[in-house]
Every structure is written in C-alpha cells, then in structure tokens.
Amino acid sequence: ESAINRIAAGEVVERPASVVKELVENALDAGARRVTVEYADGGKTLIRVTDDGCGIAPGDLPLALSRHATSKIDGSDLLNINTFGFRGEALPSLGAVGRLTITSRAKGAEGAEITVNGGRTEPVRPAALNGGTVVTLRDLFFATPARLKFLRTDRAEAQAIADVIKRLAMAEPFVRFVLRDVSGEGDGREVFRTEAEQGDLFSALHGRLGRVLGRDFAENSLPIDANRDGLHLTGFAALPTYSRGSAVAQYLFVNGRPVRDKLLVGALRGAYFDFLSRDRHPAAALFLDCEPTLVDVNVHPAKSEVRFRDPGMARGLIVSALRHALAEAGH
Ligand code: ADP
Ligand code: MG
C-alpha cells in the first residue's frame, strides 16, 4: 500500500504548489469560507492549510488517509464530478512523501488528530480545535532526496504557491484567503489576503478580479455572460488596448477549476484575432460552467487539462461571446 501511495504521489505531488492546490481544493470541497495557507522555505519544510469547513469526524480520519476509500465518486458515472477532489488520492499520497498531520473537528464531534510519517500511520488521538480542519505537511520529499533535488529555489516555489492561491481565489470570490510565509522567526509575513467579496456573483467576481489581478484589469475589461447548448460562460475579458506581451494574464476555469487548456487558450486568441498582432495576448479571466457530463477533467491527475465532449461547442461559445462583447464596446 505505501509503495502504491508513493507511486501515486509522483502523479499528484510534483512540488509544494501542487500540495497547496490539493489541500485548498479539499478545504473548498468541505465548504470552507475562510482558508489560510502557511508555508516555510518555499513549502519545502512546512505547508499548513487551515479551514473552517465541515471537518472530519474522528472515526473517519483513518479513512481520509486510505487510498480511494473516500473517493467522492461512487463509480456509477466517472464523468459526473462536481467537487474538486474525486480520486481519493491526495491525502494518502501526501502521507507517503512527507510528515502529514490532520487535525479536525466535525460539528457535534470531538476534535481529533492523525499523523502519517513517511507512509506509517499513527493511531488517532484527541486534539483541541474549535472546528474545521488543519492539514500540516512537513518535510516534503524527506524520504525521497532524489525528488527534493528537482525542486526549485524557495523563492520560485513560493511564487508558484502564490500563483495557485490567486487562481483559486479568483474562482471563489465569496471565500476569504490568507497566504502567509512563516519561514524563520516571528509570526510570519502576509503574502496575500483577500476578504470574502459581497454582492451577487458577478459583482463579487469583478471585485475579486480587481483585487487579485489589479484594478487596471478590472477597469479595462468587458463583462462576459453567455449561454449556449448547456455551456455557460462568465467572467471578464480585457479590451484589446489592455493586452500583454505574453499569455501570463489568461486565467481559465472549467466548473470552478483552474485549467491550462490549449483549446480554451486558442479560442481566446481566436476571439481577438482581428484586434491583436501575433505578439500580443489578451488578458482575461473566464469561467466556463457546464454539466459535469459534458467535460472530462480527469485527463491528468493535476487536473489542469480538460476534454470536452464537444470541443467545437466550447470554442464557438468563447469566440462568439468575446467578439460580441468587443463589438458592443466599439471594436
Ligand atoms: P478526494 O479529495 O479526492 O476525496 P483526498 O485524499 O484529497 O481525496 O481527501 C480524502 C478525503 O478526506 C476527502 O474526500 C474528504 O472526505 C476528507 N477531507 C480532506 N480534506 C478535508 C478538509 N479540509 N475538510 C474536510 N474533509 C476533508
Ligand atoms: Mg482532494
């Protein structure tokens, strides 16, 4: 079992940022409204995610650590995936590549804690906690020094963590996110913070994008809101004048998950084809939502690529919605 976990870990856990992604997605799956992420030394020595979600009952803690025991799909429809996590692989994998402790308290239950050390699970013990869950991963890859060598500098790994948090924060405007670097002495330096946005989803999203991407983006972008054939596209796309020399400011989400997908990036480019030269890239934050059966997000364990039942439909919606918005704005 622990060898299998180590192999699976290679798929799920590439670097501290992928750990953070899995843990924060779990927190969001648990209905958290406040998520705090702390790390030390670029996440290499410490990653801790604290949430105020539903928590895990003491009796369920060992289950959370056993492979596939908790998978949120029941096997009846592999494509019908509504939550971030669906493979039941992240926590067992993390237990195999570092020193993992989960402290949690579900409503109406006592607080409890479980630790896995390099694949060895210790018995559940009582722990004090008001509610929610704290997951701590220390010494990532301590048992596999070869993997440690592939990590980049603390600074680069910290940058990747911040990038993951910002993408998730864009997708969840009603959730408060705090990111703190707790390396060395002291209480830790706050790297990023964004309070829960207010109002309806659209204005909350606009506010959140302004806070994450900057007010310039919020003020120079067009609202997008279009439906077609069961696909729903929302978000903001920048005016052609607010383009960039690289594609770094393109944020795409499918059913709430951050993705990097060639098809979607190509559609974005296609929409601006008449307005931008080849070396300019539109900034955009776009959210494509559809029935889970219309899209397969299980292409890669890191879940950043997607496969649409009908790729032409997704592309068509993006291109037409953006062109329409640009035309309305006088382009
Ligand atoms: P998956 O997310 O694919 O189900 P994980 O290994 O990431 O698998 O998590 C295993 C299970 O542990 C989850 O299904 C969930 O029941 C529980 N869990 C993990 N993190 C949290 C959390 N922050 N709050 C509540 N439950 C959690
Ligand atoms: Mg998960």
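Placed above this text is the structure.
For every chain, the first residue of the written sequence is number 1, and numbering continues from 1 onward in sequence order. All chains are assigned letters beginning at A, and all ligands numbers beginning at 1, according to the order in which they are written. Local features are withheld for residues below a pLDDT of 70 in this predicted model, meaning they are given only at 70 or higher, and side-chain atom pairs are given and counted only at 80 or more; totals for whole chains, interfaces and linings count all residues. Computation of side-chain values: all heavy atoms of the structure, hydrogens and water removed.

## Some points on the overall build of the chain
Phase 1 of the analysis: A run of H or I in DSSP counts as a helix once it spans at least four residues, and a run of E counts as a strand once it spans at least two, with each numbered from the N terminus. Broken down by element type, the chain carries 10 helices and 18 strands.
Phase 2 of the analysis: Burial classes: relative accessible area under 20% of the type maximum marks a residue as buried, over 50% as exposed, and values in between as partly exposed (1.4 Å probe, protein chains only). Here the chain, with 331 residues, has 51% of them falling under the buried criterion.
Phase 3 of the analysis: Contacts are residue-level and defined by heavy atoms, with any inter-residue pair within 4.5 Å sufficient. In the chain, the share of contacts with a sequence separation of at least 24, taken over all contacts with a separation of at least 6, comes to 68%.
Phase 4 of the analysis: For the chain, the exposed area adds up to about 15300 Å²; of that, 50% sits on carbon and sulfur atoms. Note on areas: these come from Shrake-Rupley sampling with a 1.4 Å probe, and a residue is covered only by the protein chains present in the view.

## Here's the deal with the pairing of strand β3 (residues 99–105)
Phase 1 of the analysis: Most of β3 is tucked away: 5 of the 7 residues are buried.
Phase 2 of the analysis: When β3 meets strand β4 (residues 112–117), the two strands line up antiparallel, connected through 6 bridges. The partner of S104 across the bridge, within β4, is A112.
Phase 3 of the analysis: As judged from the 7 bridges shared by β3 and strand β7 (residues 132–138), these two strands associate in the antiparallel manner. Strand pairing follows a simple DSSP-based rule, namely that at least 2 bridges must link the two strands.

## Some thoughts on helix α10 (residues 311–328)
One turn of the α-helix equals 3.6 residues, which is why residues spaced by three or four share an orientation.
Phase 1 of the analysis: A helix is expected to reach a length of 1.5 Å times the quantity of its residues less one. Across its 18 residues, α10 extends 26 Å between first and last C-alpha, which sits within 8% of the 26 Å expected from 1.5 Å per residue.
Phase 2 of the analysis: Tucked into the core, α10 has its buried residues touching β10 (221–228), β11 (231–238), α9 (262–271), β16 (284–290) and β18 (307–308).
Phase 3 of the analysis: Under the rule applied, a polar contact is a pair of N or O atoms within 3.5 Å (in protein, one hydrogen donor and one hydrogen acceptor; residues adjacent in sequence only if both atoms are side-chain atoms). If you check the start of α10, you find a side-chain oxygen 3.2 Å away from the backbone N of G312, and it comes from D310.
Phase 4 of the analysis: Just beyond α10, the residue with positive phi is G330, at close to 95°.

## So, the sheet that holds β10
Phase 1 of the analysis: Spatial strand order, β10-β11-β16-β13-β14: 5 strands in an open sheet with mixed pairing. Because the sheet does not close on itself, it has two edges, and the strands there are β10 and β14 (257–259). Direction aside, neighbouring strands of the sheet carry axes that sit 20° apart on average.
Phase 2 of the analysis: Two strands pair when backbone bridges link them, and β10 and β11 are joined in this way by 8 bridges, in the antiparallel orientation. Counterpart to A226 in the pairing with β11 is L233.
Phase 3 of the analysis: The strands touched by helix α6 (residues 154–171) within the sheet are β13 (250–254), β14 and β16, with β13 carrying the most contacts at an inclination of about 60°.
Phase 4 of the analysis: α10 contacts β10, β11 and β16 of the sheet and is inclined by roughly 135° relative to β10. In this analysis, axes come from line fits to C-alpha atoms, helices being fitted only over the stretch in contact, and the angle between any two N-to-C directions falls in the range 0 to 180 degrees.

## Quick word on the side chain of D51
Phase 1 of the analysis: Its place among the elements puts D51 in strand β2 (residues 46–51).
Phase 2 of the analysis: For D51, a relative accessible area of 10% gives the class buried.
Phase 3 of the analysis: From its side chain, D51 meets the backbone nitrogen of G53 in a polar contact 2.8 Å long.
Phase 4 of the analysis: When near neighbours in sequence (up to four residues on either side) are disregarded, D51 contacts A27, A32, R34, G131, G132 and T133.

## Regarding the pattern of salt bridges
Phase 1 of the analysis: A side-chain nitrogen of Lys or Arg and a carboxyl oxygen of Asp or Glu constitute a salt bridge if their distance falls within 4 Å. Counting across every chain of the model gives 16 salt bridges.
Phase 2 of the analysis: Between K44 and D154 there is a salt bridge, and its shortest N-O distance comes to 2.8 Å. Remark: D154 occurs in helix α6 and K44 occurs in the loop between β1 (34–40) and β2; sequence separation between them is 110 residues.
Phase 3 of the analysis: Residue classification places K44 among the buried residues on the basis of a relative accessible area of 19%.
Phase 4 of the analysis: Among the residues examined, D154 registers a relative accessible area of 32% and is labelled partly exposed.

## With respect to the packing of aromatic side chains
Phase 1 of the analysis: Centres within 6.5 Å make a pair out of two Phe, Tyr or Trp rings, where for Trp the six-membered ring is used; the pair is then stacked when the planes are under 30 degrees apart, edge-to-face when over 60, and tilted otherwise. Throughout the structure, instances matching the rule amount to 3 aromatic pairs.
Phase 2 of the analysis: Seen in terms of ring centroids, F217 and Y242 are 6.3 Å apart; in terms of plane orientation they differ by 50°. Their pairing is tilted. Taken as a pair, F217 in helix α8 (residues 215–219) and Y242 in the loop between β11 and β12 (243–244) lie far apart in primary sequence, 25 residues in all. No difference in accessibility class separates F217 from Y242, as the two residues are buried.
Phase 3 of the analysis: Look at F253 and F287: their rings are 4.4 Å apart centre to centre, the planes differ by 10°, and that puts the pair in the stacked class. Note that F253 is positioned in strand β13 and F287 in strand β16, a separation of 34 residues in sequence.
Phase 4 of the analysis: Owing to a relative accessible area of 7%, F287 belongs among the buried residues under this scheme.
Phase 5 of the analysis: Whether a charge sits over a ring comes down to the Lys NZ or Arg CZ being within 6 Å of the ring centre and within 35 degrees of the ring normal. The cationic tip of R99 hangs over the ring face of F142; the distance from NZ or CZ to the ring centre is 3.8 Å.

## A short note on the environment of T103
Phase 1 of the analysis: Tracing the sequence through the fold places T103 in strand β3.
Phase 2 of the analysis: Sequence separation of T103 and A128 is 25 residues, and the distance between their C-alpha atoms is 8.5 Å.
Phase 3 of the analysis: Leave out the neighbours within four places in its chain, and T103 touches A112, E113, A127, L129, G132, T133 and V134.
Phase 4 of the analysis: There is a polar contact of 2.7 Å between the side chain of T103 and the side chain of E113.

Read these as layout, nothing more, since geometry by itself doesn't imply function.
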